[in-house]
Amino acid sequence: MMRLRDKAQVIRSKNAGPYELTYDFMFSDSEDMWDFYESLDSDITARVLQIPTEHVLSLLAYPPALAVKITVIRPQPSGALGETDVYGAQQHIPWLDYRYQRRTKCDHQ
Amino acid sequence: MNEVRVLSPTAILGYGYPMDSFNRGLGRDPHVLAVDAGSTDPGPYYLGSGKPFTSAAAVKRDLRPMLCAARERQIPLLVGSSGGAGAAPHLDWLRQIILELYREEGFKLRTAGISADVSQDAVKEACVQGRIQPCGPVSPLTQGDIESSFHIVAQMGTEPFLRALDQGFQVILAGRAYDPAAFAAVPIQRGFDPGLALHMGKILECAAIAAEPGSGSDCMLGTIGSSAFVLEALSEERTCTGRSVAAHTLYEKSDPYVLPGPGGALNLKATQFRPLSEGRVEVTGTRFQPDDTYRVKLEAAARIGYRTVSIAGVRDPMMIERLDEILNAVRDYVGSQMENACAYSLLFHCYGKNGVMGGREPVSTAGHEIGLVIEAVADTQEDAANVCALARSTLLHYGYPGRVSTAGNLAFPYSPSDFDAGEVYRFSIHHLMTVDDPNGLFPVVWEVDSH
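What you see is a predicted model, and the numbers here were worked out from it, not measured in a lab. (Residues numbered from 1 in each chain as written. Chains lettered and ligands numbered in written order. Predicted model: local features only at pLDDT ≥ 70, side-chain atom pairs only at ≥ 80, totals over all residues. Heavy atoms only, no water.)

Draft legend 1. Just the nonpolar core, in detail. Tyr-62 of chain A together with Leu-78, Phe-161 and Met-433 of chain B are the most contacted members of the largest nonpolar core, which has 72 residues in total. Other than its neighbours up to four places away in sequence, Phe-161 of chain B contacts Leu-78, Val-79, Gly-80, Ile-114, Met-156, Ile-172, Ala-174, Ala-177, Ala-181, Ala-182 and Ala-185 of chain B. Within the second largest apolar cluster, 35 residues are counted, among which are Ala-70, Leu-91, Ile-98 and Leu-234 of chain B. (Core = buried A, V, L, I, M, F, W, Y, C linked by side-chain atoms within 4.5 Å. Buried < 20%, exposed > 50% of the residue type's maximum accessible area, 1.4 Å probe, protein only. Contact = heavy atoms within 4.5 Å.)

Okay, here's the thing in structure tokens:
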């Protein structure tokens, strides 16, 4: 098992507008990017973030930046009553210790 | 003209920039200076209240060298989303700053202010005509949302900038604008491809954030040609790499391949990022796909009340162990006391426990001390202060089981312990509105003559 914080160079979260939260993960090579990407689906993402699966809006690999990007519905709109992170910049925490296995298939090589 | 060079000094007007970088950029003979002043990131307060999120002194400091350079070189200076949120009071705030600068410098440039405000009636009418739709995961717009909204603004595209340029304005201060618009306007005016111009604008609006190492307070130069644009950082400490520029496409966006904006979307599926010499990066292949109908994004905020907060430390390990239970008991007590007094919300932010992640905090153990923020929101400032004071005093002396520190439960860093934080807003409109004329909502509302 690998731990994401040992493999990724960037693990970040940020508002994508006031109603969505987006997570970017960047790697030093495409192998690492695809390993992480292949380990994920909407259900796993929802479980890590403790949100409903239908709140996962997109999950994609972006090879030009050796990146994986996940966008979800914000738990509540930015700045609404009960807000804890207006910019959404510290919501990446659940990903730091995310553990996953190296993929076995090589269909992206 | 076979290329246009656009100089972006800083990511947000007021964030500052090094004069060395700026002068290096001027040495490249830019055709236009452009800067973005806005964002919804700081939350709904700024749009709702009409206040800027940057200081007047910082904005003035940033604008002065830009105005002087625009004058010396006879080039346009374009500002998007004036005052942060780009509504009437924000645009007026920037107008006052620029008038002060003109007075102090002893010159004036022909200047236009373009507003982006939309009346409640215009939005209601559009709503009735079926011209409003949610933008992203947002509920359909209601009459109540519209009527409770302060300062409804629409994001203008490049068209209002182009119109003002054609009318001969040299300095254009725009209300709320699509971030790339101020940067793309001059390249589009001079016949360059809108897809490339808008993609270049999308990167330049964040100035050197797309460089390595990134910075929101350093300059970036974009040069657009017939089939590509080239980016270069203007500080010797920074460089652009194919990856740093490509990665910027991810920043604060939900989909890096399709980026919607006024009147259409940028399509990046065929985009290539190619490193050149001297830390420059060439970008090709981005296309602008016009929509069948022209839609602009509307934004507004509604006031939900007034806030008072109290800040205190909790250090006693026996109290930290029972913190949730104690806070619930305090909440219940306040509820019983305020039952017939006023409507309010009472929240506890427990830093050191789950202050940042709230209910989704994956770590279940608390730290050895807790930073507690008591937050009360009510219809008036007085009510909010009352609720906060009651919660604070109740918690200070609350006798929980096993308590040994019977003199008080909270360590206050300040006297007074409570702070009135003023008006509280929520985002109330985040919808798309179909319009016939891309310029219709964005008139030039004032101008300054040159002399």
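Draft legend 2. Layout of the sheet that holds strand β11 (residues 264-267) of chain B. Residue and element names in this part refer to chain B. The strand order β10-β11-β14 describes an open sheet built from 3 strands, whose pairing is antiparallel. Two strands in the sheet have a free side with no partner beyond their single neighbour: β10 (258-261) and β14 (287-290). Each strand of the sheet is rotated relative to its neighbour by a mean of 25°, with strand direction disregarded. Bridge count for β10 against β11 is 4 bridges, and the pairing is antiparallel. Among the inter-strand pairings, Gly-261 is bridged to a residue of β11, identified as Gly-264. (Pairing = 2+ DSSP bridges. Helix = DSSP H or I, 4+ residues; strand = E, 2+ residues; numbered from the N terminus. Axes fitted to C-alpha atoms, helices over the stretch in contact; angles between N-to-C directions.)

Draft legend 3. The interface of chain A and chain B, seen in detail. In this complex, chain A contributes 43 residues to the contact, which on the side of chain B involves 39 residues. Across the interface of chain A and chain B, roughly 3,300 Å² is buried in total on both sides, 61% from carbon and sulfur atoms. At the surface where chain A touches chain B, the tally comes to 1 salt bridge. Where chain A touches chain B, the interface holds 14 residue pairs in polar contact (both at pLDDT 80 or more). Every element with two or more residues in the side of chain A that touches chain B is listed here: β2 (8-15), β3 (20-27), β4 (56-62), β5 (67-73) and α4 (93-96) of chain A. A class-by-class count of the residues in the side of chain A that touches chain B yields 23 nonpolar, 13 polar and 7 charged. (Buried area = accessible area lost by both parts, 1.4 Å probe. Salt bridge = Lys/Arg side-chain N within 4 Å of Asp/Glu carboxyl O. Polar contact = N/O pair within 3.5 Å; in protein donor to acceptor, adjacent residues only side chain to side chain. Nonpolar A, V, L, I, M, F, W, Y, C, P; charged D, E, K, R; others polar.)

Draft legend 4. The packing of aromatic side chains, seen in detail. Counted under the stated rule, the structure contains 18 aromatic pairs over all chains. Between the aromatic rings of Phe-27 of chain A and Phe-36 of chain A, the centroid separation amounts to 5.6 Å while the plane-to-plane angle is 45°, which identifies the pairing as tilted. In terms of burial, Phe-27 of chain A and Phe-36 of chain A fall into one category: buried. Ring centres of Tyr-45 of chain B and Tyr-425 of chain B lie 6.0 Å apart, and the angle between their planes is 70°; on these two criteria the pair is classed as edge-to-face. Taken together, the residues span a long stretch of sequence, with Tyr-45 of chain B in helix α2 (residues 45-49) and Tyr-425 of chain B in strand β18 (residues 418-435) at a distance of 380 residues. Under the relative-accessibility criterion, Tyr-45 of chain B is labelled partly exposed at 26%. With a relative accessible area of 3%, Tyr-425 of chain B lands in the buried category. Pairwise contacts between aromatic rings join Tyr-23, Phe-25, Phe-27, Phe-36, Trp-95, Tyr-98 and Tyr-100 of chain A into one cluster. The ring of Trp-446 of chain B carries the charged tip of Arg-95 of chain B above its face, separated from the ring centre by 5.3 Å. (Phe/Tyr/Trp six-rings, centres within 6.5 Å; stacked < 30°, edge-to-face > 60°. Lys NZ or Arg CZ within 6 Å of the ring centre and 35° of its normal.)

Draft legend 5. Highlighting the pattern of salt bridges. Residues and elements named next belong to chain B. For the structure shown, the criterion picks out 34 salt bridges over all chains. A salt bridge links Arg-238 to Asp-218; the nearest nitrogen and oxygen atoms lie 2.7 Å apart. Residue Arg-238 is located in the loop between β9 (229-233) and α10 (242-248), and its partner Asp-218 is located in the loop between α9 (194-204) and β8 (220-224); the two are separated by 20 residues in the primary sequence. An identical accessibility class is assigned to Arg-238 and Asp-218; each is buried. Where salt bridges share partners, they join Lys-60, Arg-64, Glu-100, Glu-104 and Glu-105 into one cluster.

Draft legend 6. Structural context of the pairing of β8 of chain B. Residue and element names in this part refer to chain B. Most of β8 sits out of view: 5 of its 5 residues are buried. Note that strand β1 (residues 4-8) and β8 share 5 bridges and pair antiparallel. Looking at the pairing, Val-6 lines up with Gly-222 of β8. Here β8 pairs with β9 via 5 bridges, running antiparallel. Bridge pairing in β9 places Ile-224 opposite Phe-229. Hairpin connection between β8 and β9: a loop of 4 residues separates the two successive antiparallel strands.

Draft legend 7. Expanded view of the domain arrangement of chain B. We note that the domain assignment places domain 1 (4-299 + 429-448) and domain 2 (316-410) within chain B. Relative to domain 2 of chain B, the C-alpha centre of domain 1 of chain B lies at a distance of 43 Å. (Domains from an automatic or database assignment.)

Draft legend 8. Broad picture of the packing of helix α7 (residues 159-166) of chain B against helix α8 (residues 181-189) of chain B. All names here are of chain B. Two elements in contact, α7 and α8, have axes whose closest approach is 9 Å; the angle formed by their N-to-C orientations is 55°. On the basis of the axis angle, α7 is oblique to α8. For the crossing formed where α7 meets α8, the hand is right-handed. The residues of α8 that touch α7, namely those facing Phe-161, Leu-162, Leu-165 and Asp-166, are Ala-181, Ala-182, Ala-185, Val-186, Ile-188 and Gln-189. Considered class by class, the residues forming the contact of α7 with α8 number 8 nonpolar, 1 polar and 1 charged. (Parallel < 35°, antiparallel > 145°, perpendicular 65-115°, else oblique. Left-handed = near helix turned anticlockwise from the far one by under 90°.)

Draft legend 9. Structural detail: the environment of Met-66 of chain B. All names here are of chain B. Along the chain, the position of Met-66 falls in helix α3 (residues 56-73). Each C-alpha atom of the pair Met-66 and Ala-34 lies 9.1 Å from the other, and the pair is 32 residues apart in sequence. Leave out the neighbours within four places in its chain, and Met-66 touches Pro-9, Leu-13, Tyr-17, Phe-22, Leu-33, Val-35 and Leu-77.

Draft legend 10. Fine view of unusual backbone geometry. All names here are of chain B. Here the residue pair Glu-212 and Pro-213 is connected by a cis peptide bond, since its omega of -5° sits within 30 degrees of zero. Among the secondary structure elements, Pro-213 is positioned in the loop between α9 and β8. Unlike most non-glycine residues, Asp-29 shows phi in positive territory, near 50°. Residue position: Asp-29 is located in the loop between α1 (19-26) and β2 (32-36). Unusually for a residue other than glycine, His-151 sits at a positive phi of about 50°. Its relative accessible area of 26% is what places His-151 among the partly exposed residues.

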